[in-house]
Amino acid sequence: MTDTSAINDVYNKTVQPNMQDHSKDLLKQTQLQVDELVEILQDTTQQAMNRETKLSHLTEISRDMENNADIFKNHTIDIKRKEWWKHMKTKLVFAGLAALVLIIIICSIFL
C-alpha cells in the first residue's frame, strides 16, 4: 500500500493541482467565448431591430409617395380635361366667327 499511497501523494501534489488549473483555464476560456458570443448576438439583434425600424420607415415613405403619385395623376387628368374643353371652346368660337363672316359676306353679295 505504500506504493499506492506514494502514487496518491504524487498525484495529489502534482497532477491534481495541474488538472484543476487546466480545468479552471478551460472554464475561463469557455466563459470568455460565451461572453463574446453573447455580445455578438446582442449586437446582431440590435442591428436587426434597427433594420426593421428603417424598413418600416421606408415602407411609410413608399406608401406616401404612392399616394402622392395617385393624387398627381388624378390632378393631371383633371387639368388635361379642362385644357381640352378650353381648346374646344376656342375652336367653336373661331368656327362661329368664321360662319358669321361667311353669312355676312353671302348676305352682302345677294342683297
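Preceding block: the structure.
Heads up: these notes are all about the structure in this document.

Calculation notes
- Residues numbered from 1 in each chain as written.
- Predicted model: local features only at pLDDT ≥ 70, side-chain atom pairs only at ≥ 80, totals over all residues.
- Heavy atoms only, no water.
- Helix = DSSP H or I, 4+ residues; strand = E, 2+ residues; numbered from the N terminus.
- Buried < 20%, exposed > 50% of the residue type's maximum accessible area, 1.4 Å probe, protein only.
- Areas by Shrake-Rupley, 256 points an atom, 1.4 Å probe, with all protein chains shown as cover.
- Patch = residues over 30% accessible without salt bridge, like charges linked within 9 Å, V, L, I, M, F, W, Y side chains within 5 Å.
- Salt bridge = Lys/Arg side-chain N within 4 Å of Asp/Glu carboxyl O.
- Lys, Arg positive; Asp, Glu negative; His and termini not counted.
- Charge placed at Lys NZ, Arg CZ, Asp CG, Glu CD.
- Phe/Tyr/Trp six-rings, centres within 6.5 Å; stacked < 30°, edge-to-face > 60°.

## Observations concerning the overall build of the protein chain
Per the secondary structure count, the protein chain includes one helix and zero strands. Buried positions account for 0% of the 111 residues belonging to the protein chain. Only carbon and sulfur atoms are counted for the fraction: they give 64% of the accessible area of the protein chain, which is about 10600 Å².

## Structural notes on a negative patch on the surface
On the surface, a cluster of negative charge is made up of Asp35, Glu36, Glu39 and Asp43. Position of glutamate 36 among the secondary structure elements: in helix α1 (residues 2-110).

## Describing the pattern of salt bridges
One pass over the full model with this rule turns up two salt bridges. Arginine 81 is the partner of aspartate 78 in a salt bridge, and the nearest nitrogen-oxygen pair spans 3.8 Å. Of the two residues, aspartate 78 and arginine 81 are both situated in helix α1; the distance of three residues between them amounts to about one turn of the helix. Accessibility expressed as a relative area gives 38% for aspartate 78, which makes it partly exposed. Taking the relative accessible area as the measure of exposure, arginine 81 reaches 54% and is therefore exposed. The partner of glutamate 83 in a salt bridge is lysine 86, with the nearest N and O atoms 3.6 Å apart. Of the two residues, glutamate 83 and lysine 86 both sit in helix α1, three residues apart, roughly one turn of that helix.

## Some details on the packing of aromatic side chains
Applying the stated criterion across every chain yields a total of one aromatic pair. Seen from their ring centres, tryptophan 84 and tryptophan 85 are 5.0 Å apart, and the 80 degrees between their planes marks the pair as edge-to-face.

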